[in-house]
Amino acid sequence: MTRLYVHPLPVRIWHWINALGFVALMLTGIQIGYRVFEALPLKPVIDLHCAIGFVLIANYGVWLVYYLFSDRITVYHPELSPRTHYRNVMRQLAYYGYGLFKGQPNPHHVSAYRKFNALQAMTYQIVMILLVPLALYSGVVLWDMQAFAGTVALLGGPRAVNTLHVSLFVGFVAFLFVHIYLTTLGHTAGAHIKAMLNGYEEVEQAGEPAAEPVPAAAVAPAH
Ligand code: HEM
């Protein structure tokens, strides 16, 4: 086994603040929308929900700035050939749906600069470049609808903005179930979680040729 440094510190800090924050947003959001605990006053819950939202906006900046100014941005690059990308996505789906249960090897070989398989690269891109910004932005618009009156009108009124915000919440709940299940599919159930905590993924070989040369510091010998 070889240890590959796949999750640099800023990514790990962003990820765990984001994960905790999203769970807190979901819980406070459910209370705001459905008043599960009727005795709880609404205003402090809304204030808490908004405060967590602003923390996550700043935290999103950590993720964005890190990847924009780091050579690790290659992990999010889509395959330039749609045909190859489609084939790799299908291979990965076949592995998750069938090969995995037959003990076949994962078709994707992790490397420091290509840690995501085709399905992950595509999903994480959609989540991080489209859905997370949309959820945060629609939250800010709902937070002060007068200041964003033009945007509210453009999107079709307060109910439309609210529907967008709640639909994204439903999507994130679904994402979270699938995401957490997929993170248990490493060589042990906790291997990917451990990697997201200490940065190092344990892989069977050094990995397929990286998109860019891998600095020696990115590869550490197994203990
Ligand atoms: C609360 C439970 C969560 C757990 C246990 C968890 C676990 C993990 C683990 C183990 C990884 C590394 C494995 C991989 O590369 O696929 C990962 C990566 C990732 N997760 Fe999560 N996650 C959680 C919540 C979230 C949420 C709420 C989001 C977004 C809204 C999210 C977005 C991501 C993204 C974008 C990556 C790739 C990060 C990168 O390396 O650039 N996760 N997660």
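Residues numbered from 1 in each chain as written. Predicted model: local features only at pLDDT ≥ 70, side-chain atom pairs only at ≥ 80, totals over all residues. Heavy atoms only, no water.

Relative orientation of the contacting elements helix α3 (residues 82-97) and helix α4 (residues 118-143) amounts to 105 degrees, with a least axis distance of 7 Å. As the angle between them shows, α3 and α4 are arranged roughly perpendicular. The residues of α4 that touch α3, namely those facing His-85, Asn-88, Val-89, Gln-92, Leu-93 and Tyr-96, are Ala-118, Leu-119 and Met-122. The residue makeup of the contact of α3 with α4, split by class, is six nonpolar, three polar and no charged. (Axes fitted to C-alpha atoms, helices over the stretch in contact; angles between N-to-C directions. Helix = DSSP H or I, 4+ residues; strand = E, 2+ residues; numbered from the N terminus. Parallel < 35°, antiparallel > 145°, perpendicular 65-115°, else oblique. Contact = heavy atoms within 4.5 Å. Nonpolar A, V, L, I, M, F, W, Y, C, P; charged D, E, K, R; others polar.)

A separate point is unusual backbone geometry. Leaving glycine aside, a negative phi is the common case for residues, and trans is the common case for peptide bonds. Although it is not a glycine, Arg-35 adopts a positive phi angle of roughly 45 degrees. Within the element layout of this structure, Arg-35 appears in the loop between α1 (9-34) and α2 (42-68).

Further remarks concern the packing of aromatic side chains. All told, the structure shown has 13 aromatic pairs when counted by the stated rule. An angle of 65 degrees between the planes, with centres 4.8 Å apart, marks the rings of Phe-22 and Phe-172 as edge-to-face. Residue Phe-22 is located in helix α1, and its partner Phe-172 is located in helix α6 (residues 158-182); the two are separated by 150 residues in the primary sequence. Comparing Phe-22 with Phe-172, the two get one shared label, buried. Measuring from centroid to centroid gives 5.2 Å for Tyr-76 and Phe-116, while their planes differ by 80 degrees, and the two rings are edge-to-face. Here the residue Tyr-76 occupies a position in the loop between α2 and α3, and Phe-116 occupies one in the loop between α3 and α4, the gap between them amounting to 40 residues. Between the NZ or CZ atom of Arg-3 and the centre of the ring of Tyr-200, over which it lies, the distance is 4.3 Å. In this structure, Arg-72 is placed above the aromatic ring of Tyr-113, and the distance from its NZ or CZ to the ring centre is 5.0 Å. (Phe/Tyr/Trp six-rings, centres within 6.5 Å; stacked < 30°, edge-to-face > 60°. Buried < 20%, exposed > 50% of the residue type's maximum accessible area, 1.4 Å probe, protein only. Lys NZ or Arg CZ within 6 Å of the ring centre and 35° of its normal.)

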